[in-house]
Amino acid sequence: MYSRITGTGSYLPEKILDNHDLEKMLDTSDEWIRDRTGIKKRHVVVDGETTCDLAEKSARNAMEMAGKTADDIDLIIVATTTPDRIFPSTACLLQQRLDIHGCTAFDIQAVCTGFVYALGVADKFIRSGSHKCALVVGAETLSRILDWTDRTTCVLFGDGAGAVIVETSEAPGILSTHLHADGQYENLLTVPAGVSSGYDKLLAGEAYVQMRGNEVFKMAVNTLGRIVDETLEANNMKKSDIDWLVPHQANIRIIKATAKKLKMHMDHVVVTVDEHGNTSAASIPLAFDVAVREERIKPGETVMMEAFGGGFTWGSVLLKL
Ligand code: UT7
């Protein structure tokens, strides 16, 4: 038995900050941001708009595409680093919004690799036979944990949500998932505050993303190169067997390095980093939904998703649409 994606959805908050807006706030330039990252603009939430709001809209879009109602969903997984509350989980809040009651619902925290982790977990639940129809969401309001005076981080991120419906299938859908982490790199990309340490920073609204960008960059390029090899080997596939790469959208230079490793033309790489910035756990499902709705990725094609993020965490999913 396999699991297969049968619907996709996404949502971006209406407010847009482009690089020229940032030029007015910081010592930065459109040229630097485009050259170093590929980002032109990003969407950000307004006061009162939350991760669950974005998750709900993306989830409804995915359910509509898959033709599913609340009664069909028996598993909800939300990948997020920016939950609405300490608890209940954003998955429980989303469950209530969607008027779904009693099914399994929980959050996953693997930062930018969160959606890949969530898809990996959903696949295992479905293959085990315990669940039949999962709603898997990546949703973030990273703008809430950015220091808007720190040009080395705040220009990079954006807010958004993406979702998929994953169902039981006799035909192959998700072929394999590969999930990794190494906590020895905890301080290279972090928000050094939390409930049981640095709670004062949380209360003061000073819990911000800190990143040693250059070191993260090098690790990301090397690690994503390795995960590509691991994924192909596990499936006994060649580089040329992959039709589409849907990478985490952190930096166009990292994306191009992975595409090069796969000997893949950029026409077959889904790129949204220019329009969305880095939306952490939301970036892959957002990009995937864009490409599916534009009918670029077609039924039966083979797709590799890959991500790298804080932890460090990294992983991949190989699937047939
Ligand atoms: O999603 C999770 C994974 N995250 C990532 O994969 C992000 C990985 N890292 C990166 O994408 C890149 O390292 C960055 C885009 C964050 C930075 O690019 P870089 O080429 O590694 O630049 P750098 O950090 O080495 O900085 C180069 C220069 C510095 O100036 P000096 O010291 O050479 O005078 C920075 O101060 O660029 C300066 N700089 C900026 N200048 C204008 C840094 N940020 C900015 C900025 N505007 N926003």
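Residues numbered from 1 in each chain as written. Predicted model: local features only at pLDDT ≥ 70, side-chain atom pairs only at ≥ 80, totals over all residues. Heavy atoms only, no water.

Colleague: Residue-level account of the domain arrangement of the chain, with values.
Modeller: Many descriptions give the size of an interface as the accessible area lost when the pieces come together. The domain boundaries assigned to the chain delineate domain 1 (2-170) and domain 2 (176-320). Summarising the inter-unit geometry, the C-alpha centres of domain 1 and domain 2 are found 14 Å apart. In this complex, domain 1 contributes 51 residues to the contact, which on the side of domain 2 involves 46 residues. Ranking the residues of domain 1 by area buried against domain 2 places Cys 112, Val 116 and Tyr 117 at the top, with a combined share of 16%. On the surface where domain 1 and domain 2 come into contact, there are one salt bridge. (Domains from an automatic or database assignment. Contact = heavy atoms within 4.5 Å. Buried area = accessible area lost by both parts, 1.4 Å probe. Salt bridge = Lys/Arg side-chain N within 4 Å of Asp/Glu carboxyl O.)

Colleague: Give me the lowdown on helix H2 (residues 30-37), citing residues and values where you can.
Modeller: What H2 keeps buried is the set Asp 30, Ile 33 and Thr 37. Buried residues of H2, viewed axially, fall in a sector of 80 degrees; they line one side. Looking at the packing, one finds that the buried side of H2 touches helix H1 (19-25), strand S3 (41-43), helix H9 (252-261) and helix H10 (273-276). After H2 finishes, the residue Gly 38 shows a positive phi value of roughly 85 degrees. (Buried < 20%, exposed > 50% of the residue type's maximum accessible area, 1.4 Å probe, protein only. Helix = DSSP H or I, 4+ residues; strand = E, 2+ residues; numbered from the N terminus. Arc of directions from axis to C-beta.)

Colleague: Give me the lowdown on the site of the ligand, citing residues and values where you can.
Modeller: Every one of the 23 residues lining the ligand counts as a neighbour, but Thr 28, Arg 36, Arg 151, Asn 251 and Asn 278 are closest to it. Here an oxygen atom of the ligand sits 3.0 Å away from a polar atom, N or O, in the main chain of Gly 213. The side chain of Asn 278 places a nitrogen or oxygen atom 2.7 Å from an oxygen atom of the ligand. Calculation on the ligand without its partners gives an accessible area of 960 Å², and the protein chains cover 72% of this total. Those elements that place two or more of their residues in the shell around the ligand are H2, helix H6 (151-154), helix H8 (213-234), H9 and strand S12 (302-309). For the shell around the ligand, the element with the most residues is H8, which contributes four residues. In terms of residue class, the shell around the ligand is built from 11 nonpolar, nine polar and three charged. Counting contributing residues per domain, the shell around the ligand is built from domain 1 (2-170) and domain 2 (176-320), each supplying no fewer than three. (Near = heavy atom within 4 Å. Polar contact = N/O pair within 3.5 Å; in protein donor to acceptor, adjacent residues only side chain to side chain. Areas by Shrake-Rupley, 256 points an atom, 1.4 Å probe, with all protein chains shown as cover. Nonpolar A, V, L, I, M, F, W, Y, C, P; charged D, E, K, R; others polar.)

Colleague: Which residues make up the nonpolar core, and what values do they have?
Modeller: Burial of nonpolar side chains together is a common tendency in soluble globular proteins. Of all hydrophobic cores here, the largest spans 37 residues; its most connected members are Leu 262 and Met 304. If one sorts the elements of this core by residue count, H8 sits on top with six residues. The two domains that each donate at least three residues to this core are domain 1 (2-170) and domain 2 (176-320). With 34 residues, the next largest nonpolar core counts Phe 115, Val 164, Val 166 and Val 246 among its residues. (Core = buried A, V, L, I, M, F, W, Y, C linked by side-chain atoms within 4.5 Å.)

Colleague: Mind laying out the packing of H8 against H9, listing which residues take part and the relevant values?
Modeller: Two elements in contact, H8 and H9, have axes whose closest approach is 9 Å; the angle formed by their N-to-C orientations is 30 degrees. The angle between the axes of H8 and H9 places the two elements in the roughly parallel class. The interaxial crossing formed by H8 with H9 has right-handed handedness. Across the interface between the two elements, Phe 217, Ala 220, Val 221, Leu 224, Gly 225, Val 228 and Asp 229 of H8 pack against Arg 253, Ile 254, Ala 257, Thr 258 and Lys 261 of H9. Its residues assigned to classes, the contact of H8 with H9 shows seven nonpolar, two polar and three charged. (Axes fitted to C-alpha atoms, helices over the stretch in contact; angles between N-to-C directions. Parallel < 35°, antiparallel > 145°, perpendicular 65-115°, else oblique. Left-handed = near helix turned anticlockwise from the far one by under 90°.)

Colleague: Just give me the short version of the sheet that holds strand S4 (residues 75-79), but keep the residues and values in it.
Modeller: Strand order in the open sheet formed by five strands is S1-S7-S6-S4-S5, with mixed pairing between adjacent strands. Of all strands in the sheet, those with a lone pairing partner are strand S1 (2-11) and strand S5 (104-108), marking the two edges. Sheet twist, expressed as the mean angle between neighbouring strand axes with direction ignored, is 20 degrees. Direction of pairing for S4 relative to strand S6 (residues 133-141): parallel, over a ladder of five bridges. Paired with Ile 76 across the strands is Leu 135, a residue of S6. (Pairing = 2+ DSSP bridges.)

Colleague: Summarise the packing of helix H3 (residues 51-66) against helix H4 (residues 90-97); cite the residues concerned and give the values.
Modeller: Helix packing for two helices is described by the angle between their axes and how far apart those axes are. Where H3 contacts H4, the axes come no closer than 10 Å and their chain directions differ by 55 degrees. By the criterion of interaxial angle, the relationship of H3 to H4 is oblique. With respect to the hand of their crossing, H3 and H4 are arranged in right-handed fashion. Residues Thr 51, Cys 52, Asp 53, Ala 55, Glu 56, Ala 59 and Arg 60 of H3 touch H4, and the partners they reach there are Thr 90, Leu 93, Leu 94 and Arg 97. Here the contact of H3 with H4 is built from residues that sort into five nonpolar, two polar and four charged.

Colleague: So what about the packing of aromatic side chains? Which residues, and what values?
Modeller: Geometry of an aromatic ring pair is reported as the spacing of the ring centres plus the angle between the planes. Overall, the coordinates contain four aromatic pairs when judged by the stated rule. Arranged with centres 6.0 Å apart and planes meeting at 35 degrees, the rings of Phe 106 and Phe 125 form a pair that is tilted. Of this pair, Phe 106 sits in strand S5 while Phe 125 sits in helix H5 (residues 114-128), and the two are 19 residues apart along the sequence. (Phe/Tyr/Trp six-rings, centres within 6.5 Å; stacked < 30°, edge-to-face > 60°.)

Colleague: An account of a nonpolar patch on the surface is requested, with residue identities and associated values reported.
Modeller: A surface patch of nonpolar side chains, about 660 Å² in accessible area, is lined by Ile 86, Phe 87, Val 195, Tyr 199, Leu 202 and Leu 203. Summarising the element assignment, Tyr 199 is placed in helix H7 (residues 199-203). (Patch = residues over 30% accessible without salt bridge, like charges linked within 9 Å, V, L, I, M, F, W, Y side chains within 5 Å.)

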